[in-house]
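Commentary on secondary and tertiary structure
Here are the chains, one letter per residue:
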Amino acid sequence: MPLLTEASKERWEKWREENSEGTKAEINVENHDTIGMLALDANGNLSGACTTSGVGYKIHGRVGDSPIIGAGLYVDNDVGAATATGWGEAVIRICGSHLVVEYMRQGHSPTEACRLAVERLIEKNPDWKDIQIGFLALNKKGEYGAYCIQPGFQYAAHDPDNGPRLIDGKSKR
Ligand code: ASP
């Protein structure tokens, strides 16, 4: 069943008129949709999942970070779990979610591990001011945190002490 609506077809046609093939789609709140979920169960086991349709107007055949374990998602049941959202090419370049878990293995808190991964990403991506990336992390103790490049990244959390809530992720800018 075709899922293309008339409105999104019109937006795509306008985008094609204004952009050449291969133009990088802008990543902002309207143009990315990765859902990454991390969990720690009552037995202390970690798990994670993510899903995305990728960035809007992507080039044919593009593979983002979400389907690549270690980039968009990584879980090590001994240490912690991490997931990413935003400009996938930049996340793939640093194996972002794996890197976040490795920082937690070194003893960093989830938020600090995400921040360090964002700093690494900034080092490797000179265009970092034009892109958005957010990392989310959860460790074996049930502590969690997030960090992103641009402000405006919120994540949802639920734990026995605080119940469900929306939290503003810290950001570089
Ligand atoms: N990370 C996704 C990708 O690059 C985009 C998103 O955040 O939805 O494909």
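Structural data are supplied above this passage.
Residues numbered from 1 in each chain as written. Predicted model: local features only at pLDDT ≥ 70, side-chain atom pairs only at ≥ 80, totals over all residues. Heavy atoms only, no water.

Below, the discussion takes up the overall build of the protein chain. When its secondary structure is counted, the protein chain shows four helices and nine strands. For the protein chain, the succession of helices and strands along the chain, N to C, is α-β-β-β-β-α-α-α-β-β-β-β-β. Over its C-alpha atoms the protein chain spans a radius of gyration of 17 Å, differing by no more than 12% from the 16 Å that the globule rule assigns to 173 residues. Dimensions of the protein chain along its principal axes, counting C-alpha atoms only, are 50 × 40 × 25 Å. When each of the 173 residues of the protein chain is scored for burial, the buried share is 40%. (Helix = DSSP H or I, 4+ residues; strand = E, 2+ residues; numbered from the N terminus. Rg over C-alpha atoms; globule rule 2.2 N^0.38 Å. Buried < 20%, exposed > 50% of the residue type's maximum accessible area, 1.4 Å probe, protein only.)

A grouping of Val63, Ile68 and Ile92 is seen on the molecular surface, where their side chains present a nonpolar patch of about 210 Å² in accessible area. Relative to the helices and strands, valine 63 resides in the loop between β2 (46–51) and β3 (73–76). (Patch = residues over 30% accessible without salt bridge, like charges linked within 9 Å, V, L, I, M, F, W, Y side chains within 5 Å. Areas by Shrake-Rupley, 256 points an atom, 1.4 Å probe, with all protein chains shown as cover. Salt bridge = Lys/Arg side-chain N within 4 Å of Asp/Glu carboxyl O.)

The environment of the ligand is formed by 13 residues, the closest being Asp33, Thr34, Arg62, Asp65 and Gly86. Within the contact set of the ligand, an oxygen atom lies 2.8 Å away from a side-chain nitrogen or oxygen of arginine 62. Between the ligand and glycine 88 there is a distance of 2.9 Å, counted from an oxygen atom to a backbone nitrogen or oxygen. Considering the ligand on its own, with 270 Å² of exposed area, one finds that the protein chains cover 99% of that surface. Of the pockets mapped on this structure, the ligand occupies the largest cavity. A class-by-class count of the residues in the shell around the ligand yields one nonpolar, nine polar and three charged. (Near = heavy atom within 4 Å. Polar contact = N/O pair within 3.5 Å; in protein donor to acceptor, adjacent residues only side chain to side chain. 1 Å grid on protein atoms, 1.4 Å probe; cavity = no way out; pocket = protein on both sides within 12 Å on 5 of 7 lines; lining within 4 Å. Sits in = over half its atoms within 2 Å of the grid points. Nonpolar A, V, L, I, M, F, W, Y, C, P; charged D, E, K, R; others polar.)

Another point: the pairing of strand β6 (residues 144–148). β6 sits mainly inside the fold: four of its five residues count as buried. Note: strand β5 (residues 133–139) against β6, five bridges, orientation antiparallel. What sits directly across from phenylalanine 135, in β6, is tyrosine 147. Between β5 and β6, which pair antiparallel in sequence order, lie four residues; one of them, glycine 142, sits at a positive phi of approximately 90 degrees. Bridging between β6 and strand β9 (residues 170–171) involves two bridges; their strand directions are parallel. The partner of cysteine 148 across the bridge, within β9, is serine 171. (Pairing = 2+ DSSP bridges.)

Okay, the nonpolar core next. Ranked by size, the top nonpolar core spans 28 residues in total, and within it Val100, Leu121, Ile133 and Phe135 carry the most contacts. Among the secondary structure elements, those contributing two or more residues to this core are β4 (80–86), α2 (88–93), α3 (96–105), α4 (110–124) and β5. Leu73, Phe153, Tyr155 and Ala157 belong to the second-largest nonpolar core, a separate cluster that totals 12 residues. (Core = buried A, V, L, I, M, F, W, Y, C linked by side-chain atoms within 4.5 Å.)

Another aspect to go through is empty space enclosed by the protein. Under the counting rule described, the total for this entry stands at one cavity of 30 Å³ or more. Put simply, the largest cavity is a space of about 80 Å³. Around the largest cavity sit 12 residues that line it, and Thr34, Thr52, Gly54, Val55 and Gly86 are the ones nearest its centre. Looking at the lining of the largest cavity residue by residue, the class counts come to one nonpolar, eight polar and three charged. (Points joined across faces, edges and corners; volume = space filled by probe spheres on them.)

With that settled, the discussion passes to the packing of aromatic side chains. A complete count under the given rule lists one aromatic pair for this structure. Seen in terms of ring centroids, tyrosine 144 and tyrosine 155 are 6.4 Å apart; in terms of plane orientation they differ by 85 degrees. Their pairing is edge-to-face. Taken together, the residues span a long stretch of sequence, with tyrosine 144 in strand β6 and tyrosine 155 in strand β7 (residues 154–159) at a distance of 11 residues. The partly exposed category is assigned to tyrosine 144, whose relative accessible area is 22%. (Phe/Tyr/Trp six-rings, centres within 6.5 Å; stacked < 30°, edge-to-face > 60°.)

Keep in mind these numbers describe shape, not what the thing actually does.
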